[in-house]
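# Close look at the chain arrangement
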Amino acid sequence: AEYTMKVFLSHLFLFFVSLSFSSTSATIDKPQLMQRRIMPGGYSPVQDLTDEGVQSSAAFAVSKLSEATESYSFLPQLQQSTESTSSPKMKVAKAYQQVVAGMNYRMVIMLEDPQTGSCLGAFAATVYNRFGDLSVSKWSKEVSCEKARAMIESAEEFHQTYQEDFN
């Protein structure tokens, strides 16, 4: 009977401990929850997409599009646009960074016609910045203009599913 009472009390104790944890986790807001998911050494969302490191890495990726290992459907239209007018306007739709021996930037980049503002195309790429020496370490899939615009308009929602754009 004494053993049964000890088991009962230990289960009761664990029950109350689990209740206290579940009630505190219910009060965590979304940004805190997202911060908890970021693994040390892993990618983390870039809060300021106008950051110099992000912008220079994105511009570098755009300058190397002709060397891309992916076949992007917008490349012929992009070449026509650059031959007839000025360079396309570049917008970073979302970006993630990883500190390594330098910095990795995973980005979705949208290109717009400078005169009309219409989207020419969007793509995902990873740029490695080794203290000023830039290289594209991965060309990822093409992203639809609609999805890129949605990323720009509501960046928070897309931080949760960023992995799908970089496969």
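This text gives an overview of the structure that appears in the document. (Residues numbered from 1 in each chain as written. Predicted model: local features only at pLDDT ≥ 70, side-chain atom pairs only at ≥ 80, totals over all residues. Heavy atoms only, no water.)

## Looking at the packing of aromatic side chains
For any two aromatic rings, the description comes down to two numbers: the centre-to-centre distance and the angle of the planes. In total, this model carries four aromatic pairs according to the counting rule given. Taking the centre distance of 6.1 Å and the plane angle of 40 degrees together, the rings of F123 and W139 count as tilted. In this pair, F123 is assigned in strand β4 (residues 119-130) and W139 in strand β5 (residues 133-143), connecting sequence segments 16 residues apart. We classify F123 as buried; its relative accessible area is 0%. (Phe/Tyr/Trp six-rings, centres within 6.5 Å; stacked < 30°, edge-to-face > 60°. Helix = DSSP H or I, 4+ residues; strand = E, 2+ residues; numbered from the N terminus. Buried < 20%, exposed > 50% of the residue type's maximum accessible area, 1.4 Å probe, protein only.)

## Digging into helix α5 (residues 145-153)
Of the positions making up α5, those classed as buried are C145, A148 and M151. Across the axial projection of α5, the buried residues extend over an arc of 120 degrees, all falling on one side. Of the residues in α5, the exposed ones pointing more than 90 degrees away from the buried face are E146 and E153. (Arc of directions from axis to C-beta.)

## Comments concerning the state of the cysteines
The final tally for this structure, using the stated rule, is one disulfide. Here C119 engages in a disulfide with C145; their sulfurs sit 2.1 Å apart. The sign of the -75 degrees torsion about the S-S bond sets the C119-C145 disulfide as left-handed. Residue C119 is found in strand β4, and its partner C145 is found in helix α5; the two are separated by 26 residues along the sequence. As far as the burial class goes, C119 and C145 line up, both buried. (Disulfide = S-S within 2.5 Å.)

## With respect to the nonpolar core
Ranked by size, the top nonpolar core spans 22 residues in total, and within it L65, M107 and F123 carry the most contacts. With five residues, the top contributor of residues to this core is strand β3 (residues 102-112). Counting 10 residues, the second-largest nonpolar core is a separate cluster that includes C119, A122, A124 and V143. (Core = buried A, V, L, I, M, F, W, Y, C linked by side-chain atoms within 4.5 Å.)

## Some remarks on the sheet that holds β4
Spatially, five strands are ordered β1-β2-β3-β4-β5 in an open sheet, and the strand pairing comes out antiparallel. Of all the strands in the sheet, the pair left with one neighbour each is β1 (44-45) and β5. Sitting on the sheet, helix α3 (residues 52-63) is in contact with β2 (89-100), β3, β4 and β5, with an inclination near 65 degrees to β3. The sheet strands contacting α5 are β2, β3, β4 and β5, and the helix crosses β2 at an angle near 70 degrees. (Pairing = 2+ DSSP bridges. Contact = heavy atoms within 4.5 Å. Axes fitted to C-alpha atoms, helices over the stretch in contact; angles between N-to-C directions.)

## A look at α3
Its 12 residues give α3 an end-to-end C-alpha distance of 16 Å, which sits within 8% of 16 Å, the value for a rise of 1.5 Å per residue. For α3, the complete set of buried residues consists of G53, V54, S57, A58, F60 and A61. Viewed end-on, α3 has its buried residues packed into an arc of 160 degrees, placing them on one side of the element. In this structure, the buried residues of α3 make contact with β2, β3, β4 and β5. Near the N-terminus of α3, the side chain that reaches the backbone nitrogen of G53, with its oxygen 3.0 Å away, is that of D51. (Expected span 1.5 Å × (residues − 1). Polar contact = N/O pair within 3.5 Å; in protein donor to acceptor, adjacent residues only side chain to side chain.)

## Let's talk about unusual backbone geometry
Within the chain, F131 stands out as a residue other than glycine whose phi angle is a positive 55 degrees. Relative to the helices and strands, F131 resides in the loop between β4 and β5. F131 sits in the exposed class, given a relative accessible area of 69%.

## Overview of the pairing of β4
Across the 12 residues that make up β4, a large majority, 10, are buried. As defined by bridge partners, β3 adjoins β4 across 10 bridges and the pair is classed as antiparallel. Residue pairing across strands places V108 opposite A124, the latter belonging to β4. A loop of six residues connects β3 with β4, the two strands running antiparallel in sequence, and G117 in this loop sits at a positive phi of about 80 degrees. In terms of strand pairing, β4 meets β5 through eight bridges, oriented antiparallel.

These values are about where atoms sit, not about what they do.
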